[in-house]
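Chain and residue survey
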Amino acid sequence: MMDFDSKETIEQRKNMVERQLILRGIKNQRVIEAFLRVPRHMFVPPSHRDLSYQDTPLPIGYGQTISQPYIVALMVELLNPQEGDEVLEIGTGSGYQTAILAELVKMVYSVERIPELIKRAGGILSQLGYRNVVLVEGDGSKGLPRFSPYDKIIVSACSKKIYPAWVEELKEEGIIVLPLEAERGQNLVRGIKRKGKLVLEDHGGCVFVPLVEDELQGESK
Ligand code: SAH
């Protein structure tokens, strides 16, 4: 047991995994083990910490939320993470999903537009000992050419469209998972890159905070 965990948090986490993930159909064993390991309560602000293992998103400040555990599990399972993968994550937020990914793949490059969230997530991730994570401040709609191409891309904020940079920076046969604005509401979508183009699959409705494009980036700075 690590010093940031207690008997109680370990027990709550087991319950979360069994009731919210396994009973709802999450099957990937490595994904399940990652959820058992990552101390979610460390990524939740003190004001809501007692609710960390509940079946719900929670506020993390700046109008943003840490996603509901099940939706993180579903997206990560759809990503089919492999040990050797290099993954681009858009929307670090609390850093919780970043930690889950760091447990499962070789490298996680995560872009977040709110500097305070980057700072907070970075602090927790390094405190927990994750070394295979690079956090970058910026607008993820522009991708992250510096470390591309990626085996997988995961977007944690709802996007109006699939940005060309994401398709370009994905390897052939690479996978992207994202919430996409639909006529009504949002759909969770998975794309696989085949011959330079995405083949899309629909995975049902979801609710995410919007992806915000920083129009002036690069001009004002
Ligand atoms: N998986 C995260 C979800 C955080 S919410 C978690 O569980 O904590 C989505 C995050 O995307 C927010 O922190 C928001 O600031 C960020 N975001 C929104 N638009 C963005 C953009 N264009 N580039 C980078 N990050 C963005």
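Since we're looking at a predicted model, the values are computed, not measured. (Residues numbered from 1 in each chain as written. Predicted model: local features only at pLDDT ≥ 70, side-chain atom pairs only at ≥ 80, totals over all residues. Heavy atoms only, no water.)

**Remarks on the sheet that holds strand S7 (residues 170-181)**
Two strands in a sheet stick together by hydrogen bonds in their backbones, pointing the same way (parallel) or opposite ways (antiparallel). What counts is decided by this rule: The pairing criterion is simple: DSSP has to find at least two bridges between the two strands. Helix and strand assignments follow DSSP, with helices taken as H or I runs no shorter than four residues and strands as E runs no shorter than two, numbered in order from the N terminus. Each axis is a line fitted through C-alpha atoms, taken for helices only over the stretch in contact, and angles between the N-to-C directions span 0 to 180 degrees.
If you walk across this open sheet you meet the 7 strands as S5-S4-S3-S6-S7-S8-S9, and the pairing is mixed. Across the chains shown, the open sheet's two edge strands, defined by having one partner strand only, are strand S5 (133-137) and strand S9 (197-206). Shown here is a sheet whose adjacent strand axes are inclined to one another by a mean of 15 degrees, direction ignored. Bridge analysis of strand S6 (residues 150-155) against S7 gives 4 bridges, and the strand direction is parallel. The residue of S7 that forms the bridge with Lys 152 is Ile 175.

**Regarding unusual backbone geometry**
Between Ser 148 and Pro 149 the backbone carries a cis peptide bond, its omega angle lying at 5 degrees. Counting through the fold element by element, Pro 149 comes out in the loop between S5 and S6. Look at Asn 80: it is not a glycine, yet its phi comes out positive at around 50 degrees. Residue position: Asn 80 is located in the loop between helix H3 (69-78) and strand S3 (86-90). Positive phi values are uncommon outside glycine, yet Lys 195 reaches one of about 50 degrees.

**Brief notes about helix H5 (residues 115-127)**
Note the threshold: How far a helix is expected to stretch is found by multiplying one less than its residue total by 1.5 Å. Classification of residues uses two cut-offs on accessible area relative to the type maximum, computed with a 1.4 Å probe and protein chains only: under 20% is buried, over 50% is exposed, and between them is partly exposed. The arc in question is formed by the directions pointing from the helix axis toward the C-beta atoms.
The end-to-end C-alpha separation of H5 is 18 Å, in line with the 18 Å expected for 13 residues at 1.5 Å each. Those residues of H5 that fall on the buried side of the exposure criterion are Leu 117, Ile 118, Ala 121, Ile 124 and Leu 125. The arc that holds the buried residues of H5, viewed along the axis, is 140 degrees, so those residues lie on one side. Of the exposed residues in H5, the ones pointing more than 90 degrees away from its buried face are Lys 119 and Gln 127. Positive phi appears at Gly 129, one or two residues downstream of H5, with a value of about 90 degrees.

**Re the site of the ligand**
Inclusion rule: By convention in this text, a residue qualifies as near a molecule or strand provided that one of its non-hydrogen atoms is within 4 Å of it. Polar contact is defined as a pair of N or O atoms within 3.5 Å, subject to the rule that within protein one atom must be able to donate a hydrogen and the other to accept it, and that residues adjacent in sequence are counted only when both atoms are side-chain atoms. For accessible areas, the Shrake-Rupley method is used with a probe of radius 1.4 Å. Any residue's cover is judged against the shown protein chains and nothing else. Residues were grouped as follows: Ala, Val, Leu, Ile, Met, Phe, Trp, Tyr, Cys and Pro as nonpolar; Asp, Glu, Lys and Arg as charged; and all remaining residues, including Gly, as polar.
Surrounding the ligand, one finds 23 residues, the nearest of these being Ser 94, Glu 112, Asp 139, Gly 140 and Val 212. The side chain of Glu 112 places a nitrogen or oxygen atom 2.6 Å from an oxygen atom of the ligand. Interatomic distance of 2.7 Å between a backbone N/O atom of Val 212 and a nitrogen atom of the ligand. Protein contact buries 99% of the 580 Å² of open area that the ligand shows by itself. The leading source of residues in the shell around the ligand is strand S2 (residues 64-66), at 3 residues. Its residues placed into classes, the shell around the ligand shows 9 nonpolar, 11 polar and 3 charged.

**Looking at the nonpolar core**
Put simply, the test is: What we call a nonpolar core is a set of buried Ala, Val, Leu, Ile, Met, Phe, Trp, Tyr and Cys residues that are connected through their side-chain atoms within 4.5 Å.
Counting residues in hydrophobic clusters, the biggest one holds 49 residues, and the most contacted among them are Phe 35 and Phe 43. When residues of this core are assigned to their parent elements, the largest contribution, 8 residues, is made by H3. With 19 residues, the next largest nonpolar core counts Tyr 109, Val 136, Val 155 and Ala 157 among its residues.

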